[in-house]
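Here's the letter readout for the chains.
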Amino acid sequence: AAAVADNVCFELQRLFVALHHSEATSYDPTALTDALSLDTSVQQDAQEFNKLLLSLIETHLRRSPEPALQSLVQSTFRGESCYRTVCARCERPFASSATRHPLYELELR
């Protein structure tokens, strides 16, 4: 997993360098999709792609000697949700019912 994460991060760097410094109007992301082992003949779900990409970046950065980089994905993209049970009569939340769950994306309906 670490080698895959390293390769994906390297290909991301190449992509961003090419986009920033090139005068080309397009970029061929084949090296990145190969590093991610994506089947480009099948439509991919954006949310699943985001989860895959963030988990690989997180795996790569966890091995950094810089503490700020080790937690960069969590500090930038992670949030928390909390489900609470509220009393129907007094509308006070039950303290024991507050359960926090980490999340990386919000579902909008």
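Residues numbered from 1 in each chain as written. Predicted model: local features only at pLDDT ≥ 70, side-chain atom pairs only at ≥ 80, totals over all residues. Heavy atoms only, no water.

J.: Mind showing me how you'd approach unusual backbone geometry here?
T.: As a rule of thumb, non-glycine residues mostly have phi less than zero, and peptide bonds are mostly trans rather than cis. Notably, Ser37 is not glycine yet its phi reads approximately 60 degrees, a positive angle. For Ser37, a relative accessible area of 64% translates into the label exposed. Even without being glycine, Glu91 reaches a positive phi, approximately 60 degrees. (Buried < 20%, exposed > 50% of the residue type's maximum accessible area, 1.4 Å probe, protein only.)

J.: When you look at helix α1 (residues 2–21) in this model, what are you seeing that I'm missing?
T.: For an α-helix, 3.6 residues make a turn, and residues three or four places apart therefore share a direction. In this model, α1 (20 residues) spans 28 Å end to end at C-alpha, consistent with the 28 Å of a helix rising 1.5 Å per residue. Where α1 is buried, its residues contact α2 (30–35) and α3 (46–61). (Helix = DSSP H or I, 4+ residues; strand = E, 2+ residues; numbered from the N terminus. Expected span 1.5 Å × (residues − 1). Contact = heavy atoms within 4.5 Å.)

J.: Looking at this structure, I do not really get the side chain of Glu11. What am I missing?
T.: Structurally, Glu11 is set in helix α1. Taking the relative accessible area as the measure of exposure, Glu11 reaches 7% and is therefore buried. With near-sequence residues (within four places) excluded, Glu11 lies in contact with Ala31, Leu32 and Ala35.

J.: Where do I start with the pattern of salt bridges in this structure?
T.: Pairs can form between side chains of opposite charge once their charged atoms are near each other. According to the stated counting rule, one finds 6 salt bridges in the structure shown. One salt bridge in this structure joins Glu11 and Arg14, with 3.2 Å as the shortest N-O distance. Within this pair, Glu11 and its partner Arg14 are both found in helix α1, separated by 3 residues, close to a single helical turn. A salt bridge links Lys51 to Glu48, with the nearest nitrogen and oxygen atoms 3.8 Å apart. Placement of the pair is Lys51 and Glu48 together in helix α3, with a separation of 3 residues, close to one helical turn. Lys51 sits in the partly exposed class, given a relative accessible area of 37%. Of the residues examined, Glu48 reaches a relative accessible area of 45% and is grouped as partly exposed. Each of Glu48, Lys51 and Glu105 takes part in salt bridges that share partners, so that together they form one network. (Salt bridge = Lys/Arg side-chain N within 4 Å of Asp/Glu carboxyl O.)

J.: What is the right way to read the environment of Ser37 from this model?
T.: With respect to the element layout, Ser37 can be found in the loop between α2 and α3. For Ser37 and Gln13, which are 24 residues apart along the polypeptide, the C-alpha to C-alpha distance reads 17 Å.

Keep in mind these values describe shape, not function.
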